[in-house]
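Residues per chain, in single letters:
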Amino acid sequence: MTQAIFLSYASQDADTARRICDALRAAGLEVWFDQSELRGGDAWDASIRKQIKECALFVPIISNNTQQREEGYFRLEWKLAVDRSHLMADNKAFFVPVILGDVSEPAALVPDKFRERQWSRLNDEGSVAAFAARVSKLLAGSGVSGTSGTHAQKAAPKRADDGFWVAVLPFKYSGTDAGLNALAEGLSEEIVAGLSRFSYLRVIARSATLHYAGKAADARAVGKALGARYVMEGTVRQAGTTLRVAVQLIDAETGANLWAETYERAFNAADIFALQDDLVPRIVSTVADSYGVLPHSMSATLRGRAPDQLTPYQALLRSFGYLERATAEEHAVARACLEYAVEKAPDNADCWASLATMYLHEHHVGFNARPD
């Protein structure tokens with residue numbers, strides 16, 4: 001068994017992989033990098049398989065390029081490494097995933113085995129150098145969990161309470177007008193952008209959901225694959241001059257349909273953008289504003305937990321809908337969650353803003369009439 005490190009990457013990321021390779025080698029580590037080690041020929045595939053079988057660490061490089069490719073030799077490398085890992089003890093360090101650019105970790109199209117290990121986000125030279133130092137310590141047996149300058153975290157296998165990720169699937173369309181395709185694509189893209197404006201929502205990048213375009217997909221399977229708690233899907237149909245857009249929001253954990261709506265409009269292929277401008281705000285506001293479907297669902301998920309059991313993010317979600325609660329006791333619980341949150345995270349502007357709004361409302365209705 002060698003102490004070599006295997007770098008696995010999409011061909012479009014070769015330059016970045018080379019920089020990572022150089023940093024690792026500068027740290028005195030042995031790296032198997034295919035562009036320098038292979039000279040082509042019939043032995044190419046056999047050489048890769050041999051190196052994956054014998055390497056000490058396997059470093060998959062995850063990027064927008066790997067996200068956009070459903071097929072590629074790097075995916076075979078990933079499979080070979082996962083197959084080998086099944087023979088290893090659970091505590092053995094083998095996978096050291098690297099993520100580039102703005103790829104969302106929960107939405108990354110990777111084997112589940114990768115999510116069991118710590119990831120490192122490398123977007124500058126400093127983070128690459130810190131990553132090399134971490135790998136050096138890892139091979140030396142220290143098993144450090146992170147280094148200065150490197151964004152890294154251990155992916156949780158379950159994300160129901162970790163961000164409440166929302167996946168907006170590509171809208172399906174049927175009809176005779178070519179403009180329907182543009183409208184369907186535009187609706188899903190604009191809804192992603194609209195939902196992303198709400199700071200409490202975690203919206204999975206559209207590039208991660210393109211895989212489901214034109215396919216029938218089970219919401220629970222989609223949620224598991226993308227790490228999403230909620231899945232939105234829709235259809236666009238044309239009948240003569242009438243356009244019908246149907247949208248639904250599904251709880252990917254339970255499969256429950258949380259909300260569904262159908263919109264009918266006169267269809268004019270020359271007025272696609274006007275249709276989008278009409279429909280998208282209606283959908284986004286219904287689902288995501290202060291009294292929308294998602295705030296209620298997320299708050300209900302966290303209802304009943306004590307304030308000190310919530311993260312600041314969860315406390316913010318727990319407070320949604322407090323204006324609709326009729327008793328001072330219900331207000332008090334939501335307020336306590338936010339008060340505890342701002343103590344734990346004094347820089348969290350969302351929690352402070354929500355707490356201030358709550359105090360103002362309670363003053364008007366006569367709740368929380370404390371001397372202080």
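Residues numbered from 1 in each chain as written. Predicted model: local features only at pLDDT ≥ 70, side-chain atom pairs only at ≥ 80, totals over all residues. Heavy atoms only, no water.

Moving on, we come to the pattern of salt bridges. Opposite charge on two side chains allows them to pair when their charged atoms are near. Counting across every chain of the model gives 9 salt bridges. Here Arg229 makes a salt bridge to Asp251, at a shortest N to O gap of 2.9 Å. Residue Arg229 is located in the loop between α9 (219-226) and β10 (230-239), and its partner Asp251 is located in strand β11 (residues 242-251); the two are separated by 22 residues in the primary sequence. Overall, the relative accessible area of 5% leaves Asp251 in the buried class. (Salt bridge = Lys/Arg side-chain N within 4 Å of Asp/Glu carboxyl O. Helix = DSSP H or I, 4+ residues; strand = E, 2+ residues; numbered from the N terminus. Buried < 20%, exposed > 50% of the residue type's maximum accessible area, 1.4 Å probe, protein only.)

Time to look at the packing of aromatic side chains. Scanning the model with the defined rule gives 8 aromatic pairs in all. A ring pair is formed by Phe6 and Trp32, whose centres lie 5.0 Å apart and whose planes are at 15°; its orientation type is stacked. Within this pair, whereas Phe6 is found in strand β1 (residues 5-8), its partner Trp32 is found in strand β2 (residues 31-32), the two being separated by 26 residues in sequence. What makes Phe6 buried here is its relative accessible area of 1%. For Trp32, a relative accessible area of 7% puts it in the buried group. An aromatic cluster is defined as three or more aromatic residues linked by ring pairs; in this entry it consists of Phe6, Trp32, Phe58, Phe74, Trp78, Phe94, Phe95 and Phe114. (Phe/Tyr/Trp six-rings, centres within 6.5 Å; stacked < 30°, edge-to-face > 60°.)

Bringing the packing of helix α10 (residues 272-288) against helix α11 (residues 293-302) into the picture now. Two elements in contact, α10 and α11, have axes whose closest approach is 3 Å; the angle formed by their N-to-C orientations is 20°. Regarding the angle of α10 to α11, the classification is roughly parallel. Here α10 contributes Thr286, Val287 and Ala288 to the contact with α11, which in turn contributes Val293, Leu294 and Pro295. Here the contact of α10 with α11 is composed, by residue class, of 5 nonpolar, 1 polar and no charged. (Axes fitted to C-alpha atoms, helices over the stretch in contact; angles between N-to-C directions. Parallel < 35°, antiparallel > 145°, perpendicular 65-115°, else oblique. Contact = heavy atoms within 4.5 Å. Nonpolar A, V, L, I, M, F, W, Y, C, P; charged D, E, K, R; others polar.)

Okay, the nonpolar core next. In this structure, Phe171, Leu195, Leu201, Val236 and Met298 are the most contacted members of the largest nonpolar core, which totals 50 residues. If you tally residues by element for this core, the top one is α10, at 8 residues. Those residues in contact with Phe171 that lie beyond four places of it in its chain are Ala184, Leu187, Ser188, Ile191, Gly234, Thr235, Val236, Val245 and Val247. Counting 24 residues, the second-largest nonpolar core is a separate cluster that includes Ala17, Leu29, Val59 and Val98. (Core = buried A, V, L, I, M, F, W, Y, C linked by side-chain atoms within 4.5 Å.)

Once that is clear, we can look at a negative patch on the surface. Residues Glu185, Glu189, Glu190 and Asp277 make up a contiguous surface patch of negative charge. The element contributing the most residues to the negative patch is helix α7 (residues 179-196), with 3 residues. Following the sequence through the fold, Asp277 ends up in helix α10. (Patch = residues over 30% accessible without salt bridge, like charges linked within 9 Å, V, L, I, M, F, W, Y side chains within 5 Å. Areas by Shrake-Rupley, 256 points an atom, 1.4 Å probe, with all protein chains shown as cover. Lys, Arg positive; Asp, Glu negative; His and termini not counted. Charge placed at Lys NZ, Arg CZ, Asp CG, Glu CD.)

End to end, helix α14 (residues 349-365) covers 25 Å across 17 residues, agreeing with the expected 24 Å (1.5 Å per residue, within 8%). Those residues of α14 that fall on the buried side of the exposure criterion are Cys351, Ser354, Leu355, Met358 and Glu362. Here the buried residues of α14 occupy an arc of 100° about the axis, which is enough to place them on one side. For α14, the exposed residues lying more than 90 degrees away from the buried face are Ala349, Leu360, His363 and His364. Put simply, Asn348 is the residue that caps the front of α14, since its side-chain oxygen is 3.2 Å from the backbone nitrogen of Asp350. Looking one or two residues past α14, Gly366 carries a phi angle of roughly 90°, positive in sign. (Expected span 1.5 Å × (residues − 1). Arc of directions from axis to C-beta. Polar contact = N/O pair within 3.5 Å; in protein donor to acceptor, adjacent residues only side chain to side chain.)

What follows concerns the packing of helix α13 (residues 328-344) against α14. Axis separation between α13 and α14 bottoms out at 9 Å; the angle between their running directions is 145°. Considering only the axes of α13 and α14, their crossing is left-handed. Seen from α13, the contacting residues are His331, Ala334, Arg335, Leu338, Glu339, Ala341 and Val342; seen from α14, they are Cys351, Trp352, Ser354, Leu355, Met358, Tyr359, His361 and Glu362. Classifying every residue of the contact of α13 with α14 gives 9 nonpolar, 3 polar and 3 charged. (Left-handed = near helix turned anticlockwise from the far one by under 90°.)

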